[in-house]
Amino acid sequence: MRKALDALYDAAAGLAALSMVGLLLAVLTSILARQLHFNVPGIDAYAGYLMAGTGFLALAHTLKKGEHIRVTLVLTAMGVTPRRWLERWAALASAALAALFAFYSVRLAIQSYQFNDMSTSNDATPLWLPQLSMVIGTVTFAIAALDECVLEWRGRVRATDGEMLRHE
């Protein structure tokens, strides 16, 4: 199961990287089009979609690599037992919030599809298409947060205080 979950997080990170490359290409195309005096309809909107996709798709991988911002000042001042319970509570709360985030992202994309929501930009893209990156990213993030919660409640060995502070 661990290999499958890690592959899921890595796949989402790979999609985020591709989305970032697509964003770069969209921005370069826009710059080139302005310099050569021609218009590429909707290129700014597509750059925005790709930027959002990059952020959402990278959430799970970033969490699993321990790169999300953590405030460890309180944790380092606590004893072992209170620290463990605070970590457990935080993991449970973050998993619940991530699940809500995923639920409402999926709901938004479904509603956009049902109502035939279209972009107001001149690209006229059905909005559920770019929202798929948000759905994939938030669902993967919810899985990763639940994974972290389970690991925490099973008594995962924690980094030392010095190692926890290296990200701050």
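As the structure is a computational prediction, the values presented were derived from the model and not from experiment.

So, how was this worked out
- Residues numbered from 1 in each chain as written.
- Predicted model: local features only at pLDDT ≥ 70, side-chain atom pairs only at ≥ 80, totals over all residues.
- Heavy atoms only, no water.
- Axes fitted to C-alpha atoms, helices over the stretch in contact; angles between N-to-C directions.
- Helix = DSSP H or I, 4+ residues; strand = E, 2+ residues; numbered from the N terminus.
- Parallel < 35°, antiparallel > 145°, perpendicular 65-115°, else oblique.
- Left-handed = near helix turned anticlockwise from the far one by under 90°.
- Contact = heavy atoms within 4.5 Å.
- Nonpolar A, V, L, I, M, F, W, Y, C, P; charged D, E, K, R; others polar.
- Phe/Tyr/Trp six-rings, centres within 6.5 Å; stacked < 30°, edge-to-face > 60°.
- Buried < 20%, exposed > 50% of the residue type's maximum accessible area, 1.4 Å probe, protein only.
- Lys NZ or Arg CZ within 6 Å of the ring centre and 35° of its normal.
- Expected span 1.5 Å × (residues − 1).

Caption draft 1: Expanded view of the packing of helix α1 (residues 2–35) against helix α2 (residues 43–57). Viewed as axis vectors pointing N to C, α1 and α2 meet at an angle of 160°, and their least axial separation amounts to 8 Å. As the angle between them shows, α1 and α2 are arranged roughly antiparallel. For the crossing formed where α1 meets α2, the hand is left-handed. Packed against α1, whose contacting residues are Ala12, Ala13, Leu15, Ala16, Ser19, Met20, Gly22, Leu23, Ala26, Thr29, Ser30 and Arg34, the element α2 presents Ile43, Asp44, Ala47, Leu50, Met51, Gly53, Thr54 and Leu57 at the interface. Residue classes in the contact of α1 with α2 are distributed as 12 nonpolar, 6 polar and 2 charged.

Caption draft 2: Local environment of the packing of aromatic side chains. Tallied over the full model, the rule gives 5 aromatic pairs. Measuring from centroid to centroid gives 5.9 Å for Phe56 and Phe101, while their planes differ by 50°, and the two rings are tilted. Remark: Phe101 occurs in helix α5 (residues 80–114) and Phe56 occurs in helix α2; sequence separation between them is 45 residues. Each ring, one from Trp85 and one from Trp153, has its centre 5.5 Å from the other, and the planes form 80°; the classification is edge-to-face. Of this pair, Trp85 sits in helix α5 while Trp153 sits in helix α6 (residues 128–153), and the two are 68 residues apart along the sequence. Overall, the relative accessible area of 45% leaves Trp85 in the partly exposed class. The ring of Trp85 carries the charged tip of Arg88 above its face, separated from the ring centre by 4.7 Å. Over the ring of Trp153 we find Arg88, and its NZ or CZ is 5.0 Å from the ring centre.

Caption draft 3: Structural detail: α5. Here α5 contains 35 residues, and its C-alpha end-to-end distance of 51 Å stays within 8% of the 51 Å for a straight helix at 1.5 Å per residue. Every buried residue of α5 is accounted for by Arg83, Glu87, Arg88, Ala91, Ala95, Ala98, Ala102, Ser105, Ala109 and Ser112. Looking one or two residues past α5, Asn116 carries a phi angle of roughly 55°, positive in sign.

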